[in-house]
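The chain contents come next:
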Amino acid sequence: MQPGGSNLGPVGVWAFQFSVSAFDEAREWAREVDQLGYGAIWIPEAGVRDPFVTATALLAVTQRVVLATGIASIWARPAYTMAAAHQSLEAAFPGRFLLGLGVSHEPAVKGFFRTEYQKPYTTMVEYLAAMDRVAIMATPGPNQPQKVLAALGPKMLALAGSATAGAHPYNVTPEHTAEARAILGPEPFLAVEHAVCLTTDAHVARASGRRHLSMYLGLPNYRNNIHRLGFTEADTEDGGSDRLVDALVAWGSEAEIAEKVGEHHAAGADHVCIQVLPNRDQIPLDVWRALAPALLDES
């Protein structure tokens, strides 16, 4: 189910480039994503521009597309600051901003935010409660501001379903999506990220996938989730086995990638945000253009 007031549609794009490139370029890209028909643009936080500033800049020049954070870290700002920014964006752009919150990872928290990584689940519970108590002295928007949690394990998924609009799992398989839907129940929103590589060359696709996954496989939260899905320690070595890369990176023709995205929808996802590989080098406008007919028609 879509969060109240929002319409993210079935497919969006997750892109690092919006948060690091010149604003003039990012605005042009956002306008094209909007025109192509993708439902949302997902932007990260950690070593990049403030996601609320980026979201504001892109919302101001687009008509329909939703901006979503994937994710805004709870360690980066107090609950009051997070809630005030969230409420302000909802009032300024009703139904067009979705706050994705997460506990991130200990190395990132210490490296980027210079703070201690405490009990993630307990801290998130307390943070959400603190956000819910915030009321700013300003005219509210027509909709209740909506948020989702970056959730992989059962406890955080259950919290996402009970305390927020839903969940935003990252680096997951359709099997995980089915498990997440079972934990969330039928109503909460489920928006999953999936990496894609538009090539039919297995060597090129897997090499790109390993470069992408190498950083994530060093983070305990992702490794633990991969093991929960039945992959072994050997699968996570050297950037990932063929089996793991093929599970986490959809590659092939436009139709084959659309089929993989469709597996997430069939497993219970309301929305899939694609992250085009190789990432961070240049904006993948050509791939978004090529995939739009297959993905949006498929969904």
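This text goes with the structure placed above it.
On a predicted model such as this, the values are computed, not experimentally measured, just so you know.

Enquirer: Explanation requested: the overall build of the protein in the structure shown.
Expert: Helix and strand counts for the protein come out as 12 helices and 10 strands. Relative to the globule expectation of 19 Å for 299 residues, the C-alpha radius of gyration of the protein, 18 Å, shows essentially globular dimensions. Overall, the protein is about 55 × 40 × 35 Å in size when its C-alpha atoms are taken along their principal axes. Put simply, the protein has 299 residues, and 56% of those count as buried. For the protein, restricting intrachain contacts to residue pairs at least 6 apart in sequence, the fraction spanning at least 24 positions comes to 75%. When the accessible surface of the protein is totalled, it reaches about 12,200 Å², and 52% of it is carbon and sulfur. Here the protein holds 22 positive side-chain charges and 32 negative ones, and the gap between their average locations is 7 Å.

Enquirer: Which parts of the structure should I look at to understand the side chain of aspartate 235?
Expert: In this fold, aspartate 235 is placed in the loop between helix 9 (220-228) and helix 10 (242-248). In this structure the side chain of aspartate 235 is engaged in a polar contact, spanning 2.9 Å, whose partner is the backbone nitrogen of threonine 232. A polar atom in the side chain of aspartate 235 sits 2.6 Å from the side chain of serine 241. Among residues more than four places away in sequence, those in contact with aspartate 235 are Gly240, Ser241, Arg243 and Leu244.

Enquirer: What exactly am I supposed to notice about the packing of helix 3 (residues 79-92) against helix 5 (residues 120-132) here?
Expert: Two numbers describe a pair of packed helices, the interaxial angle and the distance between the axes. Between helix 3 and helix 5, whose axes approach to 8 Å, the crossing angle comes to 55°. Classified by the angle their axes make, helix 3 and helix 5 are oblique. Our pair here, helix 3 against helix 5, has a crossing hand that is right-handed. Contacts between helix 3 and helix 5 pair Ala79, Met82, Ala83 and His86 from the former with Tyr127, Ala130 and Met131 from the latter. Residue composition of the contact of helix 3 with helix 5, by class: 6 nonpolar, 1 polar and no charged.

Enquirer: How should unusual backbone geometry be read in this particular structure?
Expert: Residues glycine 70 and isoleucine 71 are joined by a peptide bond in cis, for which omega reads 5°. Relative to the helices and strands, isoleucine 71 is located in the loop between strand 3 (66-69) and strand 4 (72-73). We note that alanine 46 has phi near 135°; this positive angle belongs to a residue other than glycine. For alanine 46, the location among the structural elements is in the loop between strand 2 (40-43) and helix 2 (51-59). We note that asparagine 171 has phi near 60°; this positive angle belongs to a residue other than glycine. When you line up the elements, asparagine 171 lands in the loop between strand 7 (166-167) and helix 7 (174-184).

Enquirer: Even after reading the chapter, I still don't get the packing of aromatic side chains, so can you show me in this structure?
Expert: The tally for this structure, following the rule as stated, stands at 7 aromatic pairs. Between phenylalanine 18 and tryptophan 288 the ring centres are 5.9 Å apart and the planes differ by 5°, which places this aromatic pair in the stacked class. Here phenylalanine 18 is found in the loop between strand 1 (11-14) and helix 1 (23-36), whereas its partner tryptophan 288 is found in helix 12 (residues 285-298), with 270 residues between them in sequence. Residue classification places phenylalanine 18 among the buried positions, given a relative accessible area of 0%.

Enquirer: Can you walk me through the nonpolar core in this structure?
Expert: Soluble, globular proteins show a tendency: their nonpolar side chains are buried together. One finds Phe18, Tyr38, Ile274 and Trp288 to be the most contacted residues of the largest nonpolar core, which totals 82 residues. Element by element, the count of residues in this core is highest for helix 12, at 6 residues. Among residues more than four places away in sequence, those in contact with tryptophan 288 are Val13, Ala15, Phe18, Val33, Leu36, Tyr38, Ile274, Val276 and Ile283. Listed in part, the 14 residues of the second largest apolar core include Ala195, Leu229, Phe231 and Leu244.

Enquirer: When you look at the pattern of salt bridges in this model, what are you seeing that I'm missing?
Expert: Close approach of charged atoms allows side chains of opposite charge to pair. In total, this model carries 14 salt bridges according to the counting rule given. With a closest N to O distance of 3.3 Å, aspartate 50 and arginine 77 form a salt bridge. In this pair, aspartate 50 is assigned in the loop between strand 2 and helix 2 and arginine 77 in the loop between strand 4 and helix 3, connecting sequence segments 27 residues apart. Across the pair arginine 223 and glutamate 233 runs a salt bridge, and its minimum N-O distance is 1.9 Å. With arginine 223 in helix 9 and glutamate 233 in the loop between helix 9 and helix 10, the pair connects residues that are 10 residues apart, well separated along the chain. For glutamate 233, a relative accessible area of 40% puts it in the partly exposed group. Where salt bridges share partners, they join Arg206, Arg210, Asp242 and Asp246 into one cluster.

Enquirer: Where do I start with the state of the cysteines in this structure?
Expert: By definition, a disulfide is the covalent link that joins the sulfur atoms of two cysteine residues. Applying the stated criterion across every chain yields a total of 0 disulfides. Summary of cysteine pairing: cysteine 197 is not part of a disulfide, and the nearest cysteine sulfur, belonging to cysteine 273, is at 17 Å.

What counts as what
Residues numbered from 1 in each chain as written. Predicted model: local features only at pLDDT ≥ 70, side-chain atom pairs only at ≥ 80, totals over all residues. Heavy atoms only, no water. Helix = DSSP H or I, 4+ residues; strand = E, 2+ residues; numbered from the N terminus. Rg over C-alpha atoms; globule rule 2.2 N^0.38 Å. Buried < 20%, exposed > 50% of the residue type's maximum accessible area, 1.4 Å probe, protein only. Contact = heavy atoms within 4.5 Å. Areas by Shrake-Rupley, 256 points an atom, 1.4 Å probe, with all protein chains shown as cover. Lys, Arg positive; Asp, Glu negative; His and termini not counted. Charge placed at Lys NZ, Arg CZ, Asp CG, Glu CD. Polar contact = N/O pair within 3.5 Å; in protein donor to acceptor, adjacent residues only side chain to side chain. Axes fitted to C-alpha atoms, helices over the stretch in contact; angles between N-to-C directions. Parallel < 35°, antiparallel > 145°, perpendicular 65-115°, else oblique. Left-handed = near helix turned anticlockwise from the far one by under 90°. Nonpolar A, V, L, I, M, F, W, Y, C, P; charged D, E, K, R; others polar. Phe/Tyr/Trp six-rings, centres within 6.5 Å; stacked < 30°, edge-to-face > 60°. Core = buried A, V, L, I, M, F, W, Y, C linked by side-chain atoms within 4.5 Å. Salt bridge = Lys/Arg side-chain N within 4 Å of Asp/Glu carboxyl O. Disulfide = S-S within 2.5 Å.

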